[in-house]
Amino acid sequence: TCTELACPKLSKYPFVCNSCTLKQNCRRLKRYYHAKVAHYKASSRLEMARSGSRHSKGEILTLEELLAPGLNKGQSLHHIMTAKKEAFTISERTVRNLINRGELAFHNINLPITVRFKVKKKKTVCLR
């Protein structure tokens with residue numbers, strides 16, 4: 001059996017064979033750094049880490065149980081959350097973000113004040 005040996009230069013900085021002068025004739029195991037591949041992997045890792053909710057399904061269910069009676073009566077989100085301050089561990093803004101993302105069973109139509117406001121237009125920047 002033949003085992004391939006790794007190049008001893010891989011154990012020292014920069015840990016790749018990109019700048020090695022002997023890479024043409026070296027028969028040992030090589031490693032190369034590809035910037036585009038590394039950038040793609042790093043950005044996909046960040047994207048995966050930032051996607052989804054940080055709240056468990058149990059937390060979302062308890063949140064829905066706390067909000068449902070008040071929203072069915074037509075109360076505002078602020079009123080519900082100030083009436084039961086001890087029960088909520090997250091802020092009002094976080095609850096609104098969860099509703100906007102569709103993670104809760106409620107929609108913006110269930111919130112009395114949110115429906116009245118128009119969606120703000122994004123400003124476009126003109127470069128001349």
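Our subject is the structure listed above.
Residues numbered from 1 in each chain as written. Predicted model: local features only at pLDDT ≥ 70, side-chain atom pairs only at ≥ 80, totals over all residues. Heavy atoms only, no water.

Q: Run through the overall build of the protein chain, naming residues and quoting values.
A: Scanning the protein chain from terminus to terminus reveals four helices and zero strands. What you see for the protein chain is a C-alpha radius of gyration of 27 Å, clearly larger than the 14 Å of a compact globule of 128 residues, by over 25%. If you take every contact in the protein chain between residues at least 6 apart in sequence, the share linking residues at least 24 apart comes to 34%. Surface exposure of the protein chain reaches about 11400 Å², of which carbon and sulfur atoms provide 56%. Of the side-chain charges in the protein chain, 26 are positive and 8 negative, and the distance between the mean point of each set is 16 Å. (Helix = DSSP H or I, 4+ residues; strand = E, 2+ residues; numbered from the N terminus. Rg over C-alpha atoms; globule rule 2.2 N^0.38 Å. Contact = heavy atoms within 4.5 Å. Areas by Shrake-Rupley, 256 points an atom, 1.4 Å probe, with all protein chains shown as cover. Lys, Arg positive; Asp, Glu negative; His and termini not counted. Charge placed at Lys NZ, Arg CZ, Asp CG, Glu CD.)

Q: Quick rundown of the pattern of salt bridges? Include the residues and the values.
A: Any two side chains of opposite charge can pair, so long as their charged atoms come close to each other. Counted according to the given criterion, the structure contains two salt bridges. Between R96 and E92 there is a salt bridge, with the nearest N and O atoms lying 3.1 Å from each other. Taken as a pair, R96 and E92 lie in helix 4 (residues 92-101) at a separation of four residues, close to a single helical turn. (Salt bridge = Lys/Arg side-chain N within 4 Å of Asp/Glu carboxyl O.)

Q: So what about the packing of aromatic side chains? Which residues, and what values?
A: By the definition in use, this model includes one aromatic pair. Ring geometry for Y13 against F15: centres 6.4 Å apart, planes inclined by 85°, an arrangement best described as edge-to-face. (Phe/Tyr/Trp six-rings, centres within 6.5 Å; stacked < 30°, edge-to-face > 60°.)

Q: Lay out the nonpolar core with the relevant residues and their values.
A: Across soluble globular proteins, you tend to see nonpolar side chains buried next to one another. L63, L67, L71, L77, F88, V95 and L104 are the most contacted members of the largest nonpolar core, which totals 14 residues. At the level of elements, helix 2 (57-73), helix 3 (77-83) and helix 4 are the ones that each hand at least two residues to this core. No other element matches the four residues that helix 2 contributes to this core. Contact partners of L63, with chain neighbours within four places excluded, come to F88, I90, V95, L98 and L104. (Core = buried A, V, L, I, M, F, W, Y, C linked by side-chain atoms within 4.5 Å. Buried < 20%, exposed > 50% of the residue type's maximum accessible area, 1.4 Å probe, protein only.)

Q: Lay out unusual backbone geometry with the relevant residues and their values.
A: For the bond running from Y13 to P14, omega is 10°, close enough to zero to count as cis. Residue position: P14 is located in the segment before helix 1 (35-50). Its identity is not glycine, yet F15 carries a phi of approximately 65°, on the positive side. Secondary-structure assignment places F15 in the segment before helix 1. Since its relative accessible area comes to 44%, F15 is described here as partly exposed.

Honestly, that's just the spatial picture; any functional story needs more than this.
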